[in-house]
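Single-letter residue listing:
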Amino acid sequence: MITAAERADFIEPGEIEALLKGGSRPSRMRVRELLAKAKEMHGLSMEEVACLTLVEDPELLAELFLTAKSIKEEIYGSRLVFFAPLYISNRCANECTYCAFRATNSGLKRRTLTQEEIAEETRILIRQGHKRVLVVAGEALPPRGFEYITDSIATIYATHVGPGEIRRVNVNLAPQNVDRFKLLKQAGIGTFQLFQETYHRPTYASVHLKGKKRDYDWRATAFDRAMEAGIDDVGMGLLFGLYDWRFEVLSMMQHIRHLEETFGVGPHTLSFPRIEPAVGSTLADAPPHAVSDADFIKMIAIMRLAVPYTGMIMSTREGADVRRQTFAVGISQISAGSRTDPGGYKDGEGDPNGSQFQLGDHRTVEEVVADVVSLGYTPSFCTACYRLGRTGQDFMDLAKPGEIKYHCQPNALSTFLEYLCDYAGPVAKTAGEKLISIELQHMDGQQTASTLPMLNQVRRGERDVFV
Ligand code: SAM
Ligand code: SF4
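Conventions used here
Residues numbered from 1 in each chain as written. Chains lettered and ligands numbered in written order. Predicted model: local features only at pLDDT ≥ 70, side-chain atom pairs only at ≥ 80, totals over all residues. Heavy atoms only, no water. Helix = DSSP H or I, 4+ residues; strand = E, 2+ residues; numbered from the N terminus. Rg over C-alpha atoms; globule rule 2.2 N^0.38 Å. Buried < 20%, exposed > 50% of the residue type's maximum accessible area, 1.4 Å probe, protein only. Areas by Shrake-Rupley, 256 points an atom, 1.4 Å probe, with all protein chains shown as cover. Lys, Arg positive; Asp, Glu negative; His and termini not counted. Charge placed at Lys NZ, Arg CZ, Asp CG, Glu CD. Domains from an automatic or database assignment. Salt bridge = Lys/Arg side-chain N within 4 Å of Asp/Glu carboxyl O. Phe/Tyr/Trp six-rings, centres within 6.5 Å; stacked < 30°, edge-to-face > 60°. Lys NZ or Arg CZ within 6 Å of the ring centre and 35° of its normal. Right-handed = clockwise from strand over helix to strand, strands pointing away. Pairing = 2+ DSSP bridges. Core = buried A, V, L, I, M, F, W, Y, C linked by side-chain atoms within 4.5 Å. Contact = heavy atoms within 4.5 Å. Near = heavy atom within 4 Å. Polar contact = N/O pair within 3.5 Å; in protein donor to acceptor, adjacent residues only side chain to side chain. Nonpolar A, V, L, I, M, F, W, Y, C, P; charged D, E, K, R; others polar.

1. Re the overall build of the protein chain
- Across its full length, the protein chain carries 20 helices and 11 strands.
- Whereas a compact globule of 467 residues would reach a radius of gyration of roughly 23 Å, the protein chain reaches 21 Å, a difference of no more than 12%.
- Its C-alpha atoms give the protein chain principal-axis dimensions of about 60 × 60 × 45 Å.
- A total of 467 residues make up the protein chain; the buried ones form 61% of that total.
- About 17700 Å² of surface is accessible on the protein chain, with carbon and sulfur atoms providing 53% of the total.
- Averaging the positions of the 53 positive and the 60 negative side-chain charges in the protein chain gives two centres separated by 2 Å.

2. Thoughts on the domain arrangement of the protein chain
- Domain annotation for the protein chain reports domain 1 (13–72), domain 2 (77–380) and domain 3 (401–459).
- The C-alpha centroid of domain 3 is placed 35 Å from the C-alpha centroid of domain 1.

3. Notes on the pattern of salt bridges
- Counted according to the given criterion, the structure contains 38 salt bridges.
- Of the charged contacts, one joins Arg7 and Asp217 as a salt bridge, the two residues approaching to 3.5 Å between their closest N and O atoms. Highlighted residues: Arg7 in the segment before α1 (13–22) and Asp217 in helix α9 (residues 216–220), separated in sequence by 210 residues.
- Since its relative accessible area comes to 11%, Asp217 is described here as buried.
- A salt bridge links Lys298 to Glu56, with the shortest nitrogen-to-oxygen separation between them at 3.7 Å. Taken together, the residues Lys298 in helix α13 (residues 293–306) and Glu56 in the loop between α3 (46–53) and α4 (58–76) connect sequence positions 242 residues apart.

4. Digging into the packing of aromatic side chains
- Tallied over the entire structure, the rule returns 11 aromatic pairs.
- Seen from their ring centres, Phe240 and Phe272 are 6.3 Å apart, and the 20° between their planes marks the pair as stacked. A residue pair is termed long-range when its members are at least 10 positions apart, and Phe240 in the loop between β7 (234–237) and α11 (245–263) and Phe272 in the loop between β8 (269–271) and α12 (282–285) qualify at 32 residues. Residue Phe240 shares its accessibility class with Phe272, and that shared class is buried.
- On the numbers, 6.3 Å between centres and 10° between planes, the contact of Phe416 with Tyr419 is stacked. Of the two residues, Phe416 and Tyr419 both sit in helix α18 (residues 404–422), three residues apart, roughly one turn of that helix.
- Residue classification places Tyr419 among the buried positions, given a relative accessible area of 2%.
- These aromatic residues form a ring-pair network of at least three members: Phe82, Phe381, Phe416, Tyr419 and Tyr423.
- Positioned above the aromatic ring of Trp218, the side-chain terminus of Lys212 is 4.5 Å from the ring centre.
- Directly above the ring of Trp218 sits Arg225, whose terminal nitrogen or CZ lies 3.5 Å from the centroid.

5. Some thoughts on the pairing of strand β6 (residues 189–195)
- For β6, the tally of buried residues reaches seven of seven residues, placing the bulk of the element in the interior.
- Since strand β5 (residues 168–172) and β6 lie parallel, the crossover through helix α7 (residues 178–186) that links them has a hand, and here it is right-handed.
- As defined by bridge partners, β6 adjoins β7 across four bridges and the pair is classed as parallel. In the sheet register, Gln193 faces β7, and the bridge partner there is Gly235.

6. Description of unusual backbone geometry
- Unusually for a residue other than glycine, Met41 sits at a positive phi of about 65°.
- One can find Met41 in the loop between α2 (28–39) and α3.
- Phi is positive for Asp464, which is not a glycine, with a value near 60°.
- Among the residues examined, Asp464 registers a relative accessible area of 23% and is labelled partly exposed.

7. Notes on the nonpolar core
- In terms of nonpolar packing, the biggest core is built from 122 residues, with Phe82, Leu184, Phe192, Phe272 and Met303 touching the most fellow members.
- Looking at this core, the element that brings in the most residues is α13, giving nine residues.
- The residues touching Phe192, leaving out its near neighbours within four places in the chain, are Val171, Leu173, Ala174, Pro175, Phe181, Leu184, Phe223, Ile231, Asp233, Val234 and Gly235.
- Formed by 21 residues, the second largest nonpolar core is a distinct cluster that contains Tyr87, Ala100, Leu242 and Leu359.

8. What about the site of ligand 1?
- Neighbouring residues of ligand 1: 19 residues in total, closest Tyr98, Glu197, Lys213, Arg219 and Gln356.
- Between Glu276 and ligand 1, the recorded distance is 2.9 Å, taken from a backbone N or O atom to a nitrogen atom.
- Among the secondary structure elements, those contributing two or more residues to the shell around ligand 1 are β2 (132–137) and β6.
- Residue classes in the shell around ligand 1 are distributed as 10 nonpolar, three polar and six charged.

9. Details of the environment of Arg219
- With respect to the helices, strands and loops of the structure, Arg219 is situated in helix α9.
- C-alpha separation for the pair Arg219 and Val369, spaced 150 residues apart in sequence, amounts to 35 Å.
- Among residues more than four places away in sequence, those in contact with Arg219 are Pro175, Leu194, Phe195, Gln196, Glu197, Tyr204 and Lys213.

10. Details of the pairing of β2
- β2 sits mainly inside the fold: six of its six residues count as buried.
- Pairing geometry for strand β1 (residues 79–89) and β2, over five bridges, is parallel. Among the inter-strand pairings, Tyr87 is bridged to a residue of β2, identified as Val136.
- Handedness of the crossover joining β1 and β2 through helix α5 (residues 115–128) is recorded here as right-handed.
- Summarising the sheet, β2 and β5 pair through five bridges and their orientation is parallel. Counterpart to Leu134 in the pairing with β5 is Asn170.

Right, dumping it as structure tokens:
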């Protein structure tokens, strides 16, 4: 049996610094060689990623974006998977200087939702059309202890509104020990998501001032423990703006390499949060290594080339315009209509004095759906892989030969049609139906054969049909 690493020795700053110091701007020929290699969809090495981070030439950047777009389309088709965060508590024992939830922030209104309040938030998300939620909490448990978390997950799964329900609960929570990870697995979580914030140890020490989160190694080895506990899908990320983004991206590559070498499978998803303004945080108002929009888009495109089969998530931290640009170069999952204060869906606008950070995209789910449809993407509310046990290596086996298009695209259309039938207003409905008929025309015979019967089932009132 593989046991979890205790020290994050797999992050090797020496290797990264050597790559960054040694790297001069690559020749056109070298860049084009790398883009051609990426198109084979076997990923890129750290050295190759380092090389692409140095590309500045507008013509080469345009080629990089086109390559990222074609890889995304080849693997994911036109799909964009939707989810919403569900904040259950903003109480926290840690002191992360960039976050409004930090323990000593007396300006924040503290709230831990009751199970009934969690059910109410869930009902609102279901009525908006969501099928996936990401449970988020600060790092301080109420007196009931960890059971509060597992009860909250059970409450979300047990909540129904007519035919609507949440079918996949992912979590973004503090790192746990193996036994608690087993409890999360038993509770039926999909992905365990955790952001390292920064892989640069001195910066990590300078922004985490108090509490368990000060322990860099405990956090960086959390996925090892999660995998040891049987959680196959882990979601990696870090908070961009704390340290040099090139160093961070290469560290993420080392972390991915470690998981692949140790467990035979890398992360299920990558997230790219940039620091947003947060109540009571001067750091968040002026991040020390703010990542420009141009570098942000470039980084996402490079990661699409580096790990072609890994889901990539874009939250509502970003505004609509930046989000649109990231969809084109590799993002495959997006949140919509989000609130970052516990109880924020019921309270309507969300309370800035209870929120974790300021949002960049304030549109409703329906507005985001209409926007992505107008751009030619298919909103997907699919959760089939998880429920059929296609996680971890099984998911990758399905994904790698490109077979995914025979499962995911049909499921995307059937769940989008569910959304249109049950939750969409007339404008989104007309646009959505038009998109479905265009998508059907683009399908091959095998895809149409599995999709059409499912669409008919949904139109007849059946729900939760998938292949
Ligand atoms: N408390 C747990 C933790 O820190 O891992 C889990 C939830 S925490 C609320 C989720 C994530 O929010 C953090 O990992 C961090 O990356 C992100 N975050 C914190 N402050 C932020 C800010 N000002 N802007 C954008 N994201 C932020
Ligand atoms: Fe607490 Fe997480 Fe915010 Fe840090 S990032 S203060 S651990 S909620």
